[in-house]
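# Descriptive analysis of the structure
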Amino acid sequence: MANGITIGVGATVLAVGLFLVFSLNAIYNQQISYLAALGVEVSNFGLGLDNLIFLLSFSALLAIMGVYLLAIGTLVQLSPRVRAAWERKDSKSRMGTGLISGGFTFASLTAASGIRDLYFPVTASWYTYAEVSLVVIGLLMILAGALFIRSSYLKSR
């Protein structure tokens, strides 16, 4: 039953996140067109749209978390091997689940903060490279967690 709840929550969070992303993106584009028609300089667009971009990045984060919950719930529900590996109580398995959850959260939060750079592009700076590096570190944490869980599962056989 817990897997069904995880799948339902994941699907709901994904749907709400995507709805908000598409709605806020449409509002952003409408505001940009309006400001351009008024003759406002492109460099000044960010001053009035910061809150909209924050909400957009938060909505994208919700969608990413929904994908995560949906994927974990579905994998654990459909595959007895994944369920056995995910629910093992040894230290490698616990370390793996922690790394996967932490890495996913870390990568998605960093990616959500990078959305601002997509909407208000600036010249490539050290901050942009740092964001990309942090997303890669989060993805490597997920990979390391998967390897820990795999190692734990293989050890039990």
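See the structure shown above.
This report concerns the structure included in the present document. Every value quoted in this text rests on a predicted model; they were computed, and no experiment measured them.

## With respect to the overall build of the protein
For the protein, the count of helices and strands is 5 helices and 0 strands. Starting at the N terminus and walking to the C terminus, you meet the elements of the protein as α-α-α-α-α. Per-residue burial over the protein gives 30% buried out of 157 residues. In the protein, once contacts between residues fewer than 6 apart in sequence are set aside, the share between residues at least 24 apart is 82%. As displayed, the protein offers around 9,700 Å² of accessible surface, 71% of which is attributable to carbon and sulfur atoms.

## Side note on the packing of aromatic side chains
Any aromatic ring pair is given by two values, namely how distant the centres are and how the planes are angled relative to each other. Throughout the structure, instances matching the rule amount to 1 aromatic pair. Ring geometry for Y68 versus F104: centroids 4.4 Å apart, planes at 20 degrees, classification stacked. Residue Y68 is found in helix 2 (residues 45-78), and its partner F104 is found in helix 4 (residues 91-119); the two are separated by 36 residues along the sequence. In this pair, the class of Y68 matches that of F104, namely buried.

## Some thoughts on the environment of S151
For S151, the location among the structural elements is in helix 5 (residues 126-156). Placed 59 residues apart in sequence, S151 and K92 show a C-alpha to C-alpha distance of 7.5 Å.

## So, the side chain of S57
With respect to the helices and strands, the residue S57 is situated in helix 2. For S57, a relative accessible area of 11% gives the class buried. When near neighbours in sequence (up to four residues on either side) are disregarded, S57 contacts A112 and I115.

## Some words on the nonpolar core
Looking at soluble globular proteins, one finds that nonpolar side chains tend to be buried together. Formed by V21, L24, Y28, I32, L35, L49, L52, I53, L56, A60 and I115, the largest nonpolar core amounts to 11 residues. Counting residues per element, the ones that place at least two in this core are helix 1 (2-38) and helix 2. Residues within four places of I115 in sequence aside, it is in contact with S57 and A60. With 6 residues, the next largest nonpolar core counts Y68, I100, F104 and I149 among its residues.

## Re a nonpolar patch on the surface
Judged by side-chain polarity, V132, V136, L140, L143 and L147 come together as a nonpolar surface patch covering roughly 460 Å² of accessible area. Inspection of the secondary structure puts L143 in helix 5. Classification of L143 by relative accessible area gives partly exposed; the value is 48%.

## With respect to the environment of G73
Within the secondary structure, G73 is located in helix 2. Residue G73 is classed as buried on the basis of its relative accessible area, which comes to 2%. Along the primary structure G73 and G4 are separated by 69 residues, whereas in three dimensions their C-alpha atoms are 6.9 Å apart.

Reading the values: the criteria
- Residues numbered from 1 in each chain as written.
- Predicted model: local features only at pLDDT ≥ 70, side-chain atom pairs only at ≥ 80, totals over all residues.
- Heavy atoms only, no water.
- Helix = DSSP H or I, 4+ residues; strand = E, 2+ residues; numbered from the N terminus.
- Buried < 20%, exposed > 50% of the residue type's maximum accessible area, 1.4 Å probe, protein only.
- Contact = heavy atoms within 4.5 Å.
- Areas by Shrake-Rupley, 256 points an atom, 1.4 Å probe, with all protein chains shown as cover.
- Phe/Tyr/Trp six-rings, centres within 6.5 Å; stacked < 30°, edge-to-face > 60°.
- Core = buried A, V, L, I, M, F, W, Y, C linked by side-chain atoms within 4.5 Å.
- Patch = residues over 30% accessible without salt bridge, like charges linked within 9 Å, V, L, I, M, F, W, Y side chains within 5 Å.
- Salt bridge = Lys/Arg side-chain N within 4 Å of Asp/Glu carboxyl O.

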